[in-house]
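This is what each chain is made of:
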Amino acid sequence: MMMILCLETITCTLLFLSPFVTTYPAELEKGRRRVVHVMEDDTGAVIVQTAPGKVVTHRGGTITLPCRYHHEPEDVDPNRIRIKWTKVSDAFQFEDVFVELGRQQKAFGSYRGRLSLERAGPGDASVIIHNITLQDYGRYECEVTNDMEDDMGFVNLDLEGVVFPYYPPSGRYKLNFHQAEEVCRQQDAILASHAQLHKAWLEGLDWCNAGWLEDGSVQYPISHPRDQCGRKDSPPGVRNYGYRHKDDERYDAFCFTSNLNGRVYFLKRFKKVNYLEAVKACQRDDAVIAKVGQLYAAWKIQLLDRCEAGWVEDGSIRYPIVNPRTRCGGSEPGVRNLGFPDKKFRLYGVYCYRRNTDIQSTQAQKETTTKPANSTKSI
């Protein structure tokens, strides 16, 4: 909910309107689009409007962060208006995203070259972000300023994707916060937020090992309470250890990844291979060995279902199951993990990843090689 107090010199009302807005009827629809005007003498008004929800996209997509403003009187010099966008983390850290003052504007950091104002009409402070990355996920503040008066509102940018628990080959509970950030990055992911982990729990994620989240807290989701995981008689939910020491304490990690700009596939071979041979096999197929996050994204988003164990980049053996069957690891869908076997002597298949640009390049090469060598063109 957002509350704005109108003053004599300026009234700035921020409204969030977007076709990409996703809401949850049971929680938000009750007061959606309700606008209440309360006059306060002749000095202005108080306007209350319920927030419509959040904007949702996926990695690689394009999204509009909606923000509207209105001035009273309406003949305010537009060159005196400053529009500023800031990203706000769960730990209340602020990152400059974009600022415009009059005709001058600047995008900051990784947003350079990817962000622009929508300019759909007067009073539009919305921005468009292209080629969305995992790091773009989060809460954004839109601030509009005119001389001494200003107001702000918030937009939550959510990503479609999947949360997965992760621990390294060295074993469980071996990662401090900074190492957890790094292992998620190495597996094409980021540390998950509490909201992402909670959503994954609602979808059935059950994991009995505590892991770091992006805000520095340590939590774990339990769908089926049992004595080994915080007492059998305790209710299901996301268990929370609170904020822990980022350097000294060790846990696992909960990572989050989103849409792939390519595809993961099981490489068909006549014989099984060790880890080094698996890496080379993917390279010969104009691909690379798949990362854990890429395998999870392929399972969740591309519905990859393969009942064959294979090497992935971190040296573990995994396979994705969308349609559970008895001979494929049980009754629940998920990515099966067989651990970290000896890379030199154990033999398995392999999961490879090929980017879309690599797929297009390979197709072009095949078309070139199949073209008749003596073909000529008449002029």
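Residue indices begin from 1 for each chain and proceed along its sequence in written order. In view of the model being predicted, local features appear only for residues whose pLDDT reaches at least 70, and side-chain atom pairs are presented and counted only at 80 or more, with totals across whole chains, interfaces and linings using the full set of residues. Hydrogen atoms and water are omitted, and side-chain values are computed over all heavy atoms in the structure.

Inclusion rule: UniProt positions are given in the numbering used here, feature names are shortened, and annotations may be inferred rather than shown by experiment.
The chain goes by Hyaluronan and proteoglycan link protein 4 in an unreviewed UniProt entry, where it is assigned to Cyprinus carpio carpio. Taken directly from UniProt, the Sequence similarities (unreviewed entry) text for the chain runs: "Belongs to the HAPLN family." Quoted verbatim from the Subcellular location (unreviewed entry) field of the UniProt record, the comment on the chain reads "Secreted, Extracellular space, Extracellular matrix".

A look at the overall build of the chain
To be explicit about the condition: Counting from the N terminus, the helices are DSSP H or I runs at least four residues long and the strands are E runs at least two residues long. In this analysis, two residues are considered to be in contact whenever any of their non-hydrogen atoms come within 4.5 Å of each other. Accessible surface is estimated by sampling points in the Shrake-Rupley manner with a 1.4 Å probe; for residues, cover comes only from the protein chains shown.
The secondary structure content of the chain amounts to six helices and 25 strands. Within the chain, counting contacts between residues at least 6 apart in sequence, those at least 24 apart form 62% of the total. Within the structure as shown, the chain displays about 21,000 Å² of accessible surface, and the carbon and sulfur contribution to it stands at 51%.

Looking at the nonpolar core
Inside soluble globular proteins, nonpolar side chains tend to come together where they are buried. The criterion, for reference: Among buried residues, those of type Ala, Val, Leu, Ile, Met, Phe, Trp, Tyr and Cys that are joined through side-chain atoms within 4.5 Å constitute a nonpolar core. Burial classes: relative accessible area under 20% of the type maximum marks a residue as buried, over 50% as exposed, and values in between as partly exposed (1.4 Å probe, protein chains only).
Formed by 74 residues in total, the largest nonpolar core has its most connected members in Leu65, Trp85, Phe98, Val163, Val264 and Tyr351. Among the elements that take part in this core, helix α5 (residues 292–300) stands out by supplying six residues, more than any other. When residues no more than four places from it in sequence are discounted, the contact partners of Val264 are Ala290, Gln294, Leu295, Ala298, Gln302, Leu304, Tyr351, Cys352 and Tyr353. Counting 15 residues, the second largest nonpolar core, distinct from the first, contains Val279, Ala281, Ala287 and Cys352.

Observations concerning the state of the cysteines
Put simply, the rule reads: In this description, the term disulfide denotes a pair of cysteine sulfurs within 2.5 Å.
Enumeration over the complete set of coordinates arrives at five disulfides. Each sulfur in the disulfide pair Cys282 and Cys352 lies 2.0 Å from the other. Since a negative S-S torsion denotes a left-handed disulfide, the Cys282-Cys352 link at about -80° is left-handed. With Cys282 in helix α4 (residues 275–284) and Cys352 in strand β25 (residues 349–355), the pair connects residues that are 70 residues apart, well separated along the chain. This pair shows no difference in class: Cys282 is buried, exactly as Cys352 is. Here the disulfide map of the chain reads 1-2, 3-6, 4-5, 7-10, 8-9, the bonded cysteines being numbered as they appear in the sequence.

Observations concerning the sheet that holds strand β11 (residues 127–129)
Note the threshold: At least two DSSP bridges between two strands are needed for those strands to be called paired. Axes here mean lines fitted to C-alpha atoms, for a helix over just the part in contact, with angles spanning 0 to 180 degrees between N-to-C directions.
Pairing in this open sheet of three strands is antiparallel, and the strands run β6-β11-β10 from one edge to the other. In the strand order of this sheet, the two ends are held by β6 (63–65) and β10 (115–117), each with one partner. Put simply, the sheet's adjacent strands are angled 25° from each other on average, direction ignored. Sheet topology places β10 next to β11; three bridges connect them, and they run antiparallel.

Examining a positive patch on the surface
To keep it simple, the criterion reads: Residues with no salt bridge and a relative accessible area higher than 30% make up the patches, which join like charges within 9 Å and nonpolar side chains (Val, Leu, Ile, Met, Phe, Trp, Tyr) within 5 Å. Within this document, salt bridges are pairs made up of a side-chain nitrogen of Lys or Arg and a carboxyl oxygen of Asp or Glu, the two lying within 4 Å of each other. Neither His nor the chain ends contribute to the count of charged residues, in which Lys and Arg are positive and Asp and Glu negative. Note that the charge is assigned to NZ on lysines, CZ on arginines, CG on aspartates and CD on glutamates.
Among the surface-exposed residues, Arg269, Lys271, Lys280 and Arg284 lie close enough to one another that they form a single positively charged patch. Relative to the helices and strands, Arg269 resides in the loop between β20 (262–266) and α4.

Some remarks on unusual backbone geometry
Even without glycine at this site, Asp188 takes up a positive phi of about 60°. Structurally, the position occupied by Asp188 is in the loop between α2 (177–186) and β15 (190–191). Judged by its relative accessible area of 19%, Asp188 falls in the buried class. The phi torsion at Arg231 lies on the positive side, around 80°, for a residue other than glycine. Inspection of the secondary structure puts Arg231 in the loop between β17 (217–222) and β18 (237–243). Residue classification places Arg231 among the exposed residues on the basis of a relative accessible area of 54%.

As for the pattern of salt bridges
Enumeration according to the criterion identifies 17 salt bridges in this entry. Here Arg82 makes a salt bridge to Glu143, at a shortest N to O gap of 3.3 Å. With Arg82 in strand β7 (residues 81–88) and Glu143 in strand β12 (residues 138–146), this pair connects stretches of sequence that are 61 residues apart. Its salt-bridge partner being Asp233, residue Arg231 comes within 2.8 Å of it at the nearest N-O pair. Bridged by salt links that share partners, the residues Arg68, Glu118 and Asp124 form one connected network.

Observations concerning the side chain of Glu100
Selection criterion: Here a polar contact means two N or O atoms within 3.5 Å. Within protein one must be a hydrogen donor candidate and the other an acceptor candidate, and residues neighboring in sequence count only if both atoms are side-chain atoms.
Take Glu100: it is sitting in strand β8 (residues 94–101). With a relative accessible area of 7%, Glu100 lands in the buried category. A polar side-chain atom of Glu100 sits 2.4 Å from a polar atom in the side chain of Arg119. Once you skip the residues sitting within four places of it in the chain, Glu100 turns out to touch Ile81, Arg82, Ile83, Gln105, Leu117 and Arg119.

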